[in-house]
Amino acid sequence: MGLPLFSEFSASNKNTWKQQALKDLKGKDYDDTLLWKTHEGIIVEPYHAAEDAAGEGYDEIREAQTKSSEWVNQPLVAFENEKVTNAVIINHFAKGAEAIILDFGDKSIVEVSLSRLLHGIKLSETPVYFLTHHQALALLNGLEAVIPYQMKGGLWEDGLALWMTRGHLPDAYFRDLAEITKKQQAAPHFKTICVSSHAFHDAGANIVQELAFTLASAITYVDKLTDEGMPLALVMEKLIFSVSIGTNYFMEIAKLRALRYLWRRIQQAWSTLETLTIEPCYIHAQTSYFYDAAITSNTNMLRATTEAMSAVIGGCNALTVRPYDEVFRKPDEFSDRIARNISVLLSEESYLDKVIDPAAGSYFLENLTLSISEAAWELLLEIENKGGLMAAFEQNFIQNQIDAAFQKKVKDLEEGKRTMVGVNKFRVDETPLVFENHSPNAQPTASFELLVRKRISEIFEK
């Protein structure tokens, strides 16, 4: 029998590696040279070993991860009129999409012919998620009149996010949402409660803030809906997360893994109060608006690809890749196709759908997941001590936290400490910058500041 593989090499450990690194640095400071401090204040080592991913917390993190390797390709479609939008949706389904998010914008639902809009689309087979901006009850009433079977898909309505960006939350919002959810209780594949991170992400939040504020929002939904008489188990069953994915590749992978772990941890706390089956965390991921640029815009395709990879490796259940030109004009057939096909390529050519939780076993990513989880949990507890998400928001605590993180990102970009290809480096201004579909952020009067949707590249686009 031959010698074991690599038997000629002596055993090593992390301390051995560090001693060699110190020798090779030739007097340079180890911490200043090799340690990476993230915007969230997390210290990342340059080298990780098994000892960095062992001990309390790591088994729970692994247990919380998705048990599926597949995700749903889920483009977003903006409503124009019944005929045009119907054709766009059918074309998406014919060319690789497996679900759709339909954004009605400010269109009145009662003025829309749902039978014409959904002609040829069977919602029992092809999931459609509806974004109605506080018109969910009218939509469900309309759907019940034309669809006699159980639907797949759901509501993409996050009333708390609208409140934080527009300053208005209908008095009956949670009561109506509870009524809608109870009506759809018999439709297990129709989700009604959407908790999103987009408002925080697009305002400039860092990853720890985005996680903590999103979980605080989810807790608020649970509290409000159970107060309306909904069983806790039904809330868990009908709730989904929709999360923006930024350009920090490994941090975004760890963010999704941390979200699954922390949501499981929160559910376990509730299960001590009543019998509760721990529901898997359903995560929809969406490539970032915040990191898209209107200058040298083809680079948005590169960012969207790495963001989509982070989402998939992090274990998303559904993926929306935004068209590269969406921030400055109405996407055309080409940009829609490229966005949709990024998800197709990740599965059909990169085979990322063949491995369950590909990040598992990476000492670096597992250590990063726990570090992010611990920091987000600490911030979540601080919010809860202030009375929860809504109280903390009314005190401008959340806004101030996000603004500080945003200013840090802007400073780093301006000083060249961070690179955005096509923005602060390798920029090519091929044509004058014209925004065809730019709309300013609404700023109604409120007793507290609102979250404003931003893009970090805007500071270079003036």
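Let me begin by describing the structure that accompanies this report. Predicted model only: the values in this text are computed from it and were never measured. (Residues numbered from 1 in each chain as written. Predicted model: local features only at pLDDT ≥ 70, side-chain atom pairs only at ≥ 80, totals over all residues. Heavy atoms only, no water.)

1. Some details on the overall build of the protein chain
Moving on, step 1. Regarding its fold elements, the protein chain presents 17 helices and twelve strands.
Moving on, step 2. A globule of 462 residues ought to have a C-alpha radius of gyration of about 23 Å, and the protein chain, at 23 Å, matches this closely.
Moving on, step 3. Dimensions of the protein chain along its principal axes, counting C-alpha atoms only, are 75 × 60 × 60 Å.
Moving on, step 4. Computing the positive centroid from 45 side-chain charges and the negative centroid from 63, the protein chain places the two 3 Å apart. (Helix = DSSP H or I, 4+ residues; strand = E, 2+ residues; numbered from the N terminus. Rg over C-alpha atoms; globule rule 2.2 N^0.38 Å. Lys, Arg positive; Asp, Glu negative; His and termini not counted. Charge placed at Lys NZ, Arg CZ, Asp CG, Glu CD.)

2. Details of the nonpolar core
Moving on, step 1. Ranked by size, the top nonpolar core spans 90 residues in total, and within it Phe241, Trp263 and Ile372 carry the most contacts.
Moving on, step 2. It is helix 10 (residues 207-227) that contributes the most residues to this core, twelve residues altogether. (Core = buried A, V, L, I, M, F, W, Y, C linked by side-chain atoms within 4.5 Å. Buried < 20%, exposed > 50% of the residue type's maximum accessible area, 1.4 Å probe, protein only.)

3. So, the packing of aromatic side chains
The geometry of an aromatic ring pair is captured by two quantities: the separation of the ring centres and the angle between the planes.
Moving on, step 1. Following the criterion strictly, the structure yields 17 aromatic pairs and no others.
Moving on, step 2. With a centroid separation of 4.7 Å and 10° between ring planes, the pair formed by tryptophan 17 and tyrosine 47 is classed as stacked. Highlighted residues: tryptophan 17 in helix 1 (residues 14-25) and tyrosine 47 in the loop between strand 2 (43-44) and helix 3 (58-64), separated in sequence by 30 residues.
Moving on, step 3. When its relative accessible area of 28% is taken as the criterion, tryptophan 17 is described as partly exposed.
Moving on, step 4. Among the residues examined, tyrosine 47 registers a relative accessible area of 28% and is labelled partly exposed. (Phe/Tyr/Trp six-rings, centres within 6.5 Å; stacked < 30°, edge-to-face > 60°.)

4. Some details on a negative patch on the surface
Moving on, step 1. Together, Glu56, Glu60, Glu63 and Glu374 line one region of the surface with negative charge.
Moving on, step 2. Residue position: glutamate 63 is located in helix 3.
Moving on, step 3. Judged by relative accessible area, which is 44%, glutamate 63 ranks as partly exposed. (Patch = residues over 30% accessible without salt bridge, like charges linked within 9 Å, V, L, I, M, F, W, Y side chains within 5 Å. Areas by Shrake-Rupley, 256 points an atom, 1.4 Å probe, with all protein chains shown as cover. Salt bridge = Lys/Arg side-chain N within 4 Å of Asp/Glu carboxyl O.)

5. Digging into a nonpolar patch on the surface
Moving on, step 1. Taken together, the side chains of Leu5, Phe6 and Phe9 define a hydrophobic patch exposed on the protein surface, amounting to about 410 Å² of accessible area.
Moving on, step 2. Looking at phenylalanine 6, the relative accessible area reads 54%, which means it is exposed.

6. Quick look at the environment of isoleucine 121
Moving on, step 1. Following the sequence through the fold, isoleucine 121 ends up in the loop between helix 5 (114-117) and strand 6 (128-131).
Moving on, step 2. A relative accessible area of 8% places isoleucine 121 in the buried class.
Moving on, step 3. When the C-alpha positions of isoleucine 121 and isoleucine 89 are compared, they lie 8.5 Å apart, and in sequence the two are 32 residues distant.
Moving on, step 4. Those residues within four positions of isoleucine 121 in sequence are excluded, and the remaining contacts are Asn86, Ile89, Ile90, Phe93, Thr126, Val128 and Tyr149. (Contact = heavy atoms within 4.5 Å.)

7. Some thoughts on the state of the cysteines
Moving on, step 1. All chains considered together, the criterion is met by zero disulfides.
Moving on, step 2. Cysteine cysteine 194 shares no disulfide, and the gap to the nearest cysteine sulfur, in cysteine 281, comes to 12 Å.
Moving on, step 3. Here cysteine 281 is not disulfide-linked; the sulfur of cysteine 316 is the nearest cysteine sulfur, at 12 Å.
Moving on, step 4. Its relative accessible area of 6% is what places cysteine 281 among the buried residues. (Disulfide = S-S within 2.5 Å.)

8. Quick word on helix 13 (residues 299-313)
Moving on, step 1. Between the first and last C-alpha of helix 13 there are 22 Å, a value that for 15 residues agrees with the 21 Å anticipated at 1.5 Å per step.
Moving on, step 2. Taking burial as the measure, the 15 residues of helix 13 include eleven buried ones, the bulk of the element.
Moving on, step 3. Its buried side turned inward, helix 13 meets strand 10 (239-245), helix 12 (249-271), strand 11 (283-287), strand 12 (318-320) and helix 14 (333-348).
Moving on, step 4. Among the residues trailing helix 13, glycine 315 stands out with phi positive, at a value near 95°. (Expected span 1.5 Å × (residues − 1).)

9. Describing the sheet that holds strand 12
Two pairing modes exist for strands in a sheet, parallel and antiparallel, and in both the strands are linked by backbone hydrogen bonds.
Moving on, step 1. Overall, parallel pairing links the five strands, which are arranged 3-12-11-10-9 in an open sheet. With partners counted over all chains shown, the strands left at the sheet margins are strand 3 (72-73) and strand 9 (193-196), one partner each.
Moving on, step 2. As paired strands, strand 11 and strand 12 are joined by three bridges and run parallel to one another. Of the residues in strand 12, the one forming a bridge with alanine 285 is leucine 319. (Pairing = 2+ DSSP bridges.)

10. With respect to the pattern of salt bridges
Moving on, step 1. Following the criterion strictly, the structure yields 21 salt bridges and no others.
Moving on, step 2. One salt bridge connects glutamate 366 with arginine 62, and the closest N-O pair in it is separated by 2.5 Å. Highlighted residues: glutamate 366 in helix 15 (residues 363-385) and arginine 62 in helix 3, separated in sequence by 304 residues.
Moving on, step 3. The class for glutamate 366 is buried, based on a relative accessible area of 2%.
Moving on, step 4. Aspartate 292 is the salt-bridge partner of arginine 322, the closest N and O atoms lying 2.8 Å from each other. Of this pair, arginine 322 sits in the loop between strand 12 and helix 14 while aspartate 292 sits in the loop between strand 11 and helix 13, placing them 30 residues apart in sequence. An identical accessibility class is assigned to arginine 322 and aspartate 292; each is buried.
Moving on, step 5. A cluster of three or more residues bridged by salt bridges with shared partners is formed by Asp59, Arg62, Arg257, Asp357 and Glu366.

11. Looking at the side chain of glutamate 40
Moving on, step 1. Inspection of the secondary structure puts glutamate 40 in the loop between strand 1 (36-37) and strand 2.
Moving on, step 2. Of the buried charged residues, glutamate 40 lacks a salt bridge, with lysine 409 as the closest side chain of opposite charge at 6.2 Å.
Moving on, step 3. Of note is the side chain of glutamate 40, whose polar atom sits 2.9 Å from the side chain of threonine 38.
Moving on, step 4. Here the side chain of glutamate 40 touches isoleucine 207 through a polar contact of 2.9 Å, landing on its backbone nitrogen.
Moving on, step 5. Beyond its immediate chain neighbours, meaning those up to four positions away, glutamate 40 contacts Asn206, Ile207, Val208 and Met251. (Polar contact = N/O pair within 3.5 Å; in protein donor to acceptor, adjacent residues only side chain to side chain.)

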